[in-house]
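Residue strings, one per chain:
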Amino acid sequence: MLGRLGCFAYIWRWLFGSLRRQLVTGMLLTIAGMLIPFVLWVAAHQASEARHEQIEEAEVFAANLAASSAVWVSSRDIGGLNNIIGSFARYGALRHALVTDRQGQVLAHNDTSRVGQYLSDLPAVAEAGVLRQDEQLVDVVAPIMLGGSHLGWTRIGLDQANTTAKIARIQRTGLLFILVTLVIGALLATHAAQRLTRRLTAIEQVAHVQQSGQMALRAEVTGDDEAARLARQFNTMLDVLNRREAELTQSHDELEQRVAERTTALGEQNRRNTLIVNAAMDGFFIADLQGRLLDCNDIYCAMLGYARDELLNLHVPKIEAIENLEEVTRHIGRVIEQGHDRFDTRHRRKDGSLIDVEVNVTLATVGAQRQFFAFVHDISQRKAAERTLQRLLWEKNERVKETECLNAVIRLMQDDVRDDEEMLQAVVEALPAGYTVPDDTCARIRYAGHSYVTPGFEVTAWRQAEDISVEVGDNGHVIEVYYLRTHGVADGAQPFLDEEAAMLRNIAVQIGLAMRRRMALRATQAARDEAEAANAAKSEFLSRMSHELRTPLNAIIGFAQMLALPGKSSLSEQQADNVQEILKAGQHLLVQVNEVLDLARIESGRIELSLEPLPLTPLIKDCVAQVQPLAAARGITVAAPIDEAVALQGDYTRVKQVLLNLLSNAIKYNRDGGQIHVAAVATSEQMRVEVRDTGRGIAPEKRARLFKPFERLESSYDGIEGTGIGLALVKRLVEAMGGEIGVDSEEGVGSTFWFVLPAATLPSLPEAAPPKVGVGGTAIATDVAKASQHCVLYIEDNPANLKLIKKIIGLRPEFTLLDAMNAELGLEIARRERPDLILLDINLPGMDGYAAIAQLKAWPETTTIPVIAVTANAMKRDIERGKSAGFADYLTKPIDIARLNQILDELSAGKRL
């Protein structure tokens with residue numbers, strides 16, 4: 001052991017025995033410490049790159065193999081897979097290349113003996129990965145995907161021999177580089193060390209001579225390098241030391257004299273300090289490390305009520321009132337460790353009372369003894385003020401907590417998602433959660449025959465001052481909230497404080513108010529649900545009424561229109577007159593149906609309006625032109641002198657409906673040969689439209705009944721047709737557009753009906769559209785190409801409607817009509833005959849029209865056939881639903897024959913519907 005230590009010491013001296021050797025060794029170690037990690041890092045990085053390249057190469061092979069073999073795997077073509085595997089054989093580093101199915105069975109392998117085996121180490125999910133990576137082999141796997149489906153796996157294994165040899169060459173090159181660099185560094189370090197230490201040797205010789213007492217010798221060096229400057233500074237230092245030695249001798253003599261003088265002054269200062277300490281306002285004492293009092297001033301004696309001799313016989317734990325003996329011992333240890341402390345505490349007086357003090361203690365060494373020097377300041381007044389402030393803050397916090405508690409209860413009570421039982425149980429469980437409610441408080445809530453209690457609640461046999469019971473009325477129910485403390489009389493039960501009792505009562509009141517609110521909300525919700533159900537039923541009734549009324553009207557008006565068309569045999573004058581009466585009655589009935597439905601839609605809030613600026617002059621002229629034949633039949637003149645470019649804000653269709661109704665009434669209730677005057681009065685914000693007639697007028701007491709539904713005053717006895725709906729509908733329409741309507745009348749003179757809507761501004765009036773040409777409202781094409789035959793299928797369960805369509809198609813020799821009474825038969829015919837057009841009723845027995853068109857669109861042979869709805873469902877939502885279902889067009893009953901003929905013309909001309 002000693003021999004090894006001696007050998008180590010010899011080597012250490014040989015390496016670091018002189019400054020020259022230290023320089024050489026240090027430079028070599030520095031070079032080695034910087035160079036070796038760098039070279040090792042470069043070698044490791046290159047080795048890692050080589051391995052990473054090998055892995056990437058294997059992954060590329062696997063991915064290419066997966067892409068090229070996907071089709072062969074899906075078709076299970078083993079021969080194709082073997083050809084692909086064989087193409088990889090020319091790669092020298094290939095260990096294995098194989099393809100498996102999804103279950104791991106080998107389908108192709110460069111080693112044909114492995115075909116058919118199962119692999120168990122494939123990944124669990126269809127993701128590429130590295131199965132093995134070491135010095136011998138890199139083994140990667142890739143999933144075979146086709147059309148998003150996982151078909152199997154490809155696996156490539158590459159030999160690592162070349163990569164391992166490449167890494168070994170990199171390591172050998174790095175080692176050789178390190179050795180060459182260290183040799184060159186050693187030569188350079190030796191040369192530099194010789195130049196640096198040559199002058200330092202001269203300085204060393206001078207220092208050795210100085211130790212023998214020859215103080216006059218100086219180092220003689222030449223040059224201006226660092227060593228030469230060091231030698232000159234060394235010489236200067238020797239000169240300074242000689243001067244300082246002489247000065248120190250003189251200073252020693254002067255110091256001895258000052259010490260004597262200072263000793264005398266310190267004695268006097270000590271006496272002054274004693275007088276200052278005794279005269280100070282704060283107490284003062286000195287104690288040793290064991291806590292025994294060694295000295296004190298008179299103020300501290302008076303502060304504690306002890307005589308000086310009595311106080312000096314005590315220890316700190318005797319006068320400390322907050323900390324016990326063990327805590328005082330630990331506190332003394334902390335002061336010894338830190339050297340100082342400042343803290344608030346209480347000291348015990350001789351009479352046993354306590355005084356709040358602030359102690360500022362410092363550990364100091366006096367002579368050879370370490371002592372505590374402590375100043376004690378009376379802080380009784382400050383502590384009293386702090387306690388007052390704390391009490392005020394506590395009261396404030398209690399109020400905040402009380403508010404938080406009430407808010408928490410209110411939030412729970414406002415949770416409308418929970419039912420009564422869940423909500424009340426959550427409230428009682430939240431009551432003992434802190435705040436200002438005492439922790440030992442439990443509660444019970446009784447409501448509607450149920451009882452909800454906090455955990456641990458138990459009604460005891462005694463009742464005393466800490467019980468609180470609150471009852472809150474709630475729409476015939478009574479909410480009782482009962483509070484009880486969990487301890488009994490034997491436990492020294494404390495009654496609730498006034499603020500606690502008030503808090504608990506406030507919570508009970510909040511519970512009662514919340515229950516009232518929940519009852520009101522439930523009643524409101526029930527009424528809302530009932531209203532929504534009634535509204536839905538009303539909408540369903542309107543839809544059914546529209547269908548039921550329009551279906552017979554379709555036959556009435558349709559066949560009347562057919563009779564009115566010019567044909568092979570003309571009608572007699574009486575027959576033509578009868579047909580016109582039928583058309584007139586049918587159109588009148590259709591108007592009445594539309595007015596009833598419009599009125600019902602408005603009252604249910606389902607009417608939709610498109611409000612926009614409307615030019616008033618062409619609108620009034622159009623309405624006047626429509627009623628002119630009716631007025632002329634009775635000799636009534638209609639004047640509408642409105643030439644100004646005025647406009648109002650409204651829905652075009654509804655404003656026209658209002659004007660036509662007022663004009664029709666002005667004609668209906670006017671005298672023969674009377675007059676009608678239409679005027680428009682514009683203001684800055686409103687437009688007032690007036691329709692004045694010269695009829696019999698309306699008595700003031702009857703005007704209030706004018707705009708009520710089905711009110712016709714006494715005119716119904718005069719043989720004038722009407723239902724009493726028109727003015728009620730007009731009033732609802734005007735109000736829906738943001739306006740108002742009224743009447744001014746004088747008996748025997750006439751009446752003026754007016755309505756007001758918001759005014760609008762138009763930059764220019766649009767040109768009126770040219771009138772349509774037709775006979776009896778039906779436009780019939782005469783130049784239709786008849787070169788080809790077309791087939792139309794009509795699916796309808798109503799014989800009258802079917803007969804009408806047969807009549808219409810019968811006038812078109814280029815069309816053939818097929819019919820079916822139900823959707824099932826119609827689908828069979830459509831699939832067999834493949835007609836050019838299908839007319840489909842929606843309300844059919846069994847399968848309805850929506851199911852039928854869905855089936856037609858699903859079959860490839862019928863999906864391109866245009867399907868047109870022919871139905872009495874004429875409400876806007878019905879039309880929107882039909883178009884979204886795929887109908888090419890939507891015809892409502894009564895059928896517009898002109899529109900149907902137009903569709904047939906387009907089909908005959910080869911246009912796409």
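Remember, it's a predicted structure, so these values are computed and weren't measured experimentally.

Parameters and conventions
- Residues numbered from 1 in each chain as written.
- Predicted model: local features only at pLDDT ≥ 70, side-chain atom pairs only at ≥ 80, totals over all residues.
- Heavy atoms only, no water.
- Helix = DSSP H or I, 4+ residues; strand = E, 2+ residues; numbered from the N terminus.
- Contact = heavy atoms within 4.5 Å.
- Areas by Shrake-Rupley, 256 points an atom, 1.4 Å probe, with all protein chains shown as cover.
- Pairing = 2+ DSSP bridges.
- Axes fitted to C-alpha atoms, helices over the stretch in contact; angles between N-to-C directions.
- Buried < 20%, exposed > 50% of the residue type's maximum accessible area, 1.4 Å probe, protein only.
- Polar contact = N/O pair within 3.5 Å; in protein donor to acceptor, adjacent residues only side chain to side chain.
- Expected span 1.5 Å × (residues − 1).
- Parallel < 35°, antiparallel > 145°, perpendicular 65-115°, else oblique.
- Left-handed = near helix turned anticlockwise from the far one by under 90°.
- Nonpolar A, V, L, I, M, F, W, Y, C, P; charged D, E, K, R; others polar.
- Salt bridge = Lys/Arg side-chain N within 4 Å of Asp/Glu carboxyl O.
- Arc of directions from axis to C-beta.
- Core = buried A, V, L, I, M, F, W, Y, C linked by side-chain atoms within 4.5 Å.
- Phe/Tyr/Trp six-rings, centres within 6.5 Å; stacked < 30°, edge-to-face > 60°.
- Lys NZ or Arg CZ within 6 Å of the ring centre and 35° of its normal.
- pLDDT = per-residue confidence, 0-100.

**Some remarks on the overall build of the protein chain**
Line of reasoning, step 1. Scanning the protein chain for helices and strands turns up 21 helices and 26 strands.
Line of reasoning, step 2. If you take every contact in the protein chain between residues at least 6 apart in sequence, the share linking residues at least 24 apart comes to 63%.
Line of reasoning, step 3. As displayed, the protein chain offers around 52,200 Å² of accessible surface, 55% of which is attributable to carbon and sulfur atoms.

**Things to note about the pairing of strand β17 (residues 647-650)**
Line of reasoning, step 1. Bridge analysis of strand β15 (residues 612-615) against β17 gives 4 bridges, and the strand direction is antiparallel. Each residue of the ladder has a partner; that of Leu 614, found in β17, is Leu 648.

**Quick word on the sheet that holds strand β26 (residues 889-892)**
Line of reasoning, step 1. The sheet built from 5 strands is open, its strands ordered β23-β22-β24-β25-β26 with parallel pairing. The open sheet terminates on both sides in strands that have one partner only, identified here as β23 (815-820) and β26. Ignoring which end each strand starts from, the neighbouring axes of this sheet average 20 degrees apart.
Line of reasoning, step 2. The sheet contact formed by strand β22 (residues 790-795) and β23 spans 6 bridges and is parallel. For Tyr 794, the partnering residue across the bridge sits in β23 and is Asp 819.
Line of reasoning, step 3. Packing of helix α19 (residues 849-858) onto the sheet brings it into contact with β24 (837-840) and β25 (867-871), and relative to β24 it is tilted by some 160 degrees.

**Describing the sheet that holds strand β8 (residues 340-348)**
Line of reasoning, step 1. Read across the sheet, 5 strands follow the order β7-β6-β10-β9-β8 without closing on themselves; strand pairing throughout is antiparallel. Edge positions in the sheet fall to β7 (293-296) and β8, since each of these pairs with one other strand and no more. Ignoring which end each strand starts from, the neighbouring axes of this sheet average 30 degrees apart.
Line of reasoning, step 2. In this fold helix α9 (residues 325-338) packs onto β8, β9 (354-366) and β10 (369-378), with an angle of close to 155 degrees to the strand it touches most, β8.

**Remarks on the side chain of Lys 656**
Line of reasoning, step 1. If you trace the backbone, Lys 656 turns up in helix α15 (residues 652-668).
Line of reasoning, step 2. What makes Lys 656 buried here is its relative accessible area of 17%.
Line of reasoning, step 3. Of note is the side chain of Lys 656, whose polar atom sits 2.9 Å from the side chain of Asp 622.
Line of reasoning, step 4. Those residues in contact with Lys 656 that lie beyond four places of it in its chain are Leu 619, Asp 622, Cys 623 and Gln 626.

**Description of helix α21 (residues 897-908)**
Residues that lie three or four places apart on an α-helix share one face, since the helix turns once every 3.6 residues.
Line of reasoning, step 1. If you check α21, its first and last C-alpha atoms are 16 Å apart, about what 12 residues at 1.5 Å a residue would give, namely 16 Å.
Line of reasoning, step 2. Of all 12 residues in α21, 9 are buried; the element is thus mostly enclosed.
Line of reasoning, step 3. Burial in α21 covers these residues: Ile 897, Ala 898, Leu 900, Asn 901, Ile 903, Leu 904, Asp 905, Leu 907 and Ser 908.
Line of reasoning, step 4. With a side-chain oxygen lying 3.2 Å from the backbone nitrogen of Ala 898, the N-terminal cap of α21 falls on Asp 896.
Line of reasoning, step 5. Just downstream of α21 lies Gly 910, where phi reads positive at about 85 degrees.

**Thoughts on the packing of helix α18 (residues 823-833) against α19**
Line of reasoning, step 1. Between α18 and α19, whose axes approach to 10 Å, the crossing angle comes to 20 degrees. It follows from the interaxial angle that α18 and α19 lie roughly parallel. The chirality of how α18 crosses α19 is right-handed. Touching Ala 823, Leu 827 and Ala 830 of α18 are Ala 852, Gln 855 and Leu 856, all from α19.
Line of reasoning, step 2. A per-class count over the contact of α18 with α19 returns 5 nonpolar, 1 polar and no charged.

**Considerations on unusual backbone geometry**
Line of reasoning, step 1. Of note in the backbone geometry, Arg 76 takes a positive phi value of approximately 60 degrees without being a glycine.
Line of reasoning, step 2. For Arg 76, the location among the structural elements is in the loop between α2 (19-75) and α3 (78-87).
Line of reasoning, step 3. You can call Arg 76 partly exposed: its relative accessible area is 44%.
Line of reasoning, step 4. Its identity is not glycine, yet Arg 834 carries a phi of approximately 50 degrees, on the positive side.

**So, the pattern of salt bridges**
Line of reasoning, step 1. The full count for this structure, using the stated rule, is 28 salt bridges.
Line of reasoning, step 2. Glu 814 serves as the salt-bridge partner of Arg 812, at 3.1 Å between the closest nitrogen and oxygen. Assigned by exposure class, Arg 812 and Glu 814 land together as buried.
Line of reasoning, step 3. Connected through salt bridges with shared partners, the residues Asp 344, Arg 382, Lys 383 and Glu 386 form a single ionic network.

**Examining the side chain of Lys 383**
Line of reasoning, step 1. Its place among the elements puts Lys 383 in helix α10 (residues 380-413).
Line of reasoning, step 2. Looking at Lys 383, the relative accessible area reads 18%, which means it is buried.
Line of reasoning, step 3. Residues contacting Lys 383, with those up to four places away along its chain left out, are Asp 344 and Asp 356.

**So, α3**
Line of reasoning, step 1. For α3, the complete set of buried residues consists of Gly 80, Leu 81, Ile 84 and Ile 85. The buried residues of α3 occupy an angular sector of 140 degrees when projected down its axis, which confines them to one face.
Line of reasoning, step 2. Its side-chain oxygen at 3.3 Å from the backbone nitrogen of Gly 79, Asp 77 defines the N-terminal cap of α3.

**Observations concerning the nonpolar core**
Line of reasoning, step 1. Core analysis: the largest hydrophobic core is formed by 39 residues, its most contacted members being Leu 648, Val 655, Leu 659, Leu 663, Ile 676, Phe 753 and Phe 755.
Line of reasoning, step 2. Here Leu 659 is in contact with Leu 619, Ile 620, Cys 623, Val 689 and Phe 755, once residues within four sequence places are set aside.
Line of reasoning, step 3. Judged by nonpolar contacts, the second largest core, of 25 residues, contains Cys 296, Met 303, Val 359 and Ala 374.

**Notes on the environment of Arg 703**
Line of reasoning, step 1. Summarising the element assignment, Arg 703 is placed in the loop between β19 (686-693) and α16 (726-736).
Line of reasoning, step 2. Taking the relative accessible area as the measure of exposure, Arg 703 reaches 25% and is therefore partly exposed.
Line of reasoning, step 3. For the pair formed by Arg 703 and Val 743, sequence separation is 40 residues and the distance between their alpha carbons is 7.9 Å.
Line of reasoning, step 4. Those residues in contact with Arg 703 that lie beyond four places of it in its chain are Ile 698, Ser 745 and Glu 746.

**A short note on the packing of aromatic side chains**
Line of reasoning, step 1. A full pass over the atoms with the stated rule returns 4 aromatic pairs.
Line of reasoning, step 2. An aromatic cluster is built from Phe 284, Phe 373 and Phe 375, whose rings are joined through pairwise contacts.
Line of reasoning, step 3. The ring centre of Trp 859 lies 4.1 Å from the NZ or CZ of Arg 831, which sits over that ring.
Line of reasoning, step 4. If you follow Arg 881 out to its NZ or CZ, it ends over the ring of Tyr 850, 3.8 Å from the centre.

**Remarks on the confidence of the model for the protein chain**
Line of reasoning, step 1. Predicted confidence across the protein chain gives a mean pLDDT of 77, with 71% of residues reaching 70 or more.
Line of reasoning, step 2. Within the protein chain, the lowest mean pLDDT, 60, falls on strand β13 (residues 468-474), and the highest, 94, falls on β24.
Line of reasoning, step 3. The low-confidence segment residues 488-493 (pLDDT under 50) makes 7 contacts with residues lying over four places distant or belonging to another chain.
Line of reasoning, step 4. With pLDDT under 50 throughout, residues 763-788 is counted as low confidence; its partners more than four residues away or in other chains account for 22 contacts.

**With respect to the pairing of strand β1 (residues 94-101)**
Line of reasoning, step 1. Buried residues dominate β1, accounting for 7 of its 8 residues.
Line of reasoning, step 2. Both β1 and strand β5 (residues 149-159) contribute to a ladder of 7 bridges, which runs antiparallel. Bridge pairing links Asp 101 to Gly 152 in β5.
Line of reasoning, step 3. By the bridge criterion, 3 bridges tie β1 to strand β2 (residues 106-109) in an arrangement that is antiparallel. The residue of β2 that forms the bridge with Thr 100 is Val 106.

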